[in-house]
Amino acid sequence: MEATERKILKKFSAQLRIDQLEMFKQRGMGHIGGCLSVTELISVLYGKQMKYDPDNPDWEGRDYLVMSKAHAAPAVEATLAEKGFFDKQLLLTMDNIGTHIPSHVDRLLTPGIDVTGGSLGQGASIAAGIAYGLKHDGINDQYVYVCIGDGELNEGQNWEAFQFMAHNGLNNCIVFIDNNKRQHDGYCNDVLKPFSYEEKMKAFGFWCKTVDGASEEAIDNAIEEAKQINGKAICIVLDTIKGQGVKYYEDMPDNHSPKVFEEGRAMIDAAIAELKKITEEE
């Protein structure tokens, strides 16, 4: 990745964090930890890797994003707004009555959302179906990207879908595991020890590698490498931190869906000020 491209993506990630923090501050709550941990991934996908058309969200030639950990909707919605799918001011209506910006992805409400989510564990199956359909129709230049939470992998349906992907060699579906080590009820190791995601995915027949989920360049390089794989299902494990990029939330004991009180608003304002320094760099 060239230095200029790297800088553009860093700025994009910073702007996405600013947008999300403004949304959480306005609403007074939100799934902050898990949104921030996928920000670099979404930045790379929409900033470089994915094919899409903001003026025609249902364009048949597009790539697909399945945000299986659907509570990370604000990260995706902020990205869609920045890319011109809808008016950015709508972001500040998150979860209001009649809003088009819900806190879980909803394809019937938000332009650019391909798959509705909410019940964890279902996204992998949907992604597998889309990818299989594309293969069946002889379409080889479109990708399905599915982002799954580490806590979400407690749901057995994921593993059935992975077996289907591997059996059918769906190399047009790239699975991302957001390994931020925490879930709603605590640390993943305490709730249900996951062991090694990379070893498990390889045992299921996947090509798999683990990368720094806070590095746009590492994520992009892994995707480029994955796109050279033929005849095998693909997984990229993202080594992330819940609340990534905002130390106040990284250090918060319960950062899954915290309320934003007076201290939180002050911390958000301070974080936004620091992030703006990145977006304003020459």
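Further up the page is the structure itself.
Counting from 1, residues in each chain are numbered in the order their sequence is written. Selection of residues for local features in this predicted model requires a pLDDT of at least 70, selection of side-chain atom pairs for listing and counting requires 80 or more, and totals for whole chains, interfaces and linings are taken over all residues. Water and hydrogen atoms play no part in the side-chain values, which are based on all heavy atoms of the structure.

A. View of the layout of surface pockets. Put simply, the grid is 1 Å and covers the protein atoms alone, a cavity is a trapped set of points that fit a 1.4 Å probe, a pocket is an open set with protein on both sides within 12 Å along at least five of seven lines, and lining residues have an atom within 4 Å of a point. Grid points are joined across faces, edges and corners, and a volume is the space filled by probe spheres set on the points. For the largest pocket, the calculated volume is near 260 Å³. Residue lining of the largest pocket: 18 residues in total, with Leu120, Gly151, Glu152, Gln183 and His184 positioned closest to the centre. Looking at the lining of the largest pocket, its residues break down into one nonpolar, ten polar and seven charged. Residues were grouped as follows: Ala, Val, Leu, Ile, Met, Phe, Trp, Tyr, Cys and Pro as nonpolar; Asp, Glu, Lys and Arg as charged; and all remaining residues, including Gly, as polar.

B. Seen up close, the sheet that holds strand β7 (residues 233–239). Ordered in space as β1-β2-β3-β7-β6, the five strands form an open sheet in which the pairing is parallel. On the outer flanks of this sheet lie β1 (64–67) and β6 (206–212), each paired with one strand and no other. Pairwise comparison of adjacent strand axes, ignoring direction, gives a mean angle of 20° for this sheet. Pairing between strands is defined by DSSP: at least two bridges between the two strands are required. We count a stretch as a helix when DSSP gives it H or I for four or more residues in a row; a strand needs E for two or more, and each element gets its number in order from the N terminus. Pairing geometry for β1 and strand β2 (residues 144–149), over four bridges, is parallel. Counterpart to Met67 in the pairing with β2 is Cys147. Against the sheet, helix α9 (residues 216–226) contacts β2, β3 (173–179), β6 and β7, and its axis sits at roughly 165° relative to β6. Working convention: axes come from line fits to C-alpha atoms, limited for helices to the stretch in contact. Angles between N-to-C directions cover 0 to 180 degrees. It only takes one pair of heavy atoms within 4.5 Å for two residues to be counted as in contact.

C. Structural view of the pattern of salt bridges. Criterion for a salt bridge: a side-chain nitrogen of Lys or Arg within 4 Å of a carboxyl oxygen of Asp or Glu. Taken as a whole and judged by the stated rule, the model has 16 salt bridges. Asp19 serves as the salt-bridge partner of Lys88, at 3.3 Å between the closest nitrogen and oxygen. In this pair, Lys88 sits in the loop between α4 (73–82) and α5 (123–136) while Asp19 sits in helix α1 (residues 3–27), placing the two residues 69 residues apart along the sequence. The cut-offs for exposure are 20% and 50% of the maximum accessible area for each residue type, with area from a 1.4 Å probe on protein chains only; residues under the lower value are buried, those over the upper are exposed, and the others partly exposed. On the accessibility criterion, Lys88 (35% relative accessible area) is partly exposed. By relative accessible area, Asp19 is classed as buried at 5%. Measuring nitrogen to oxygen at the nearest pair gives 2.3 Å for the salt bridge that ties Asp239 to Lys181. In this pair, Asp239 is assigned in strand β7 and Lys181 in the loop between β3 and β4 (182–183), connecting sequence segments 58 residues apart. Since its relative accessible area comes to 40%, Asp239 is described here as partly exposed. Each of the salt bridges in this network shares a partner with another, and the network as a whole consists of Asp19, Glu82 and Lys88.

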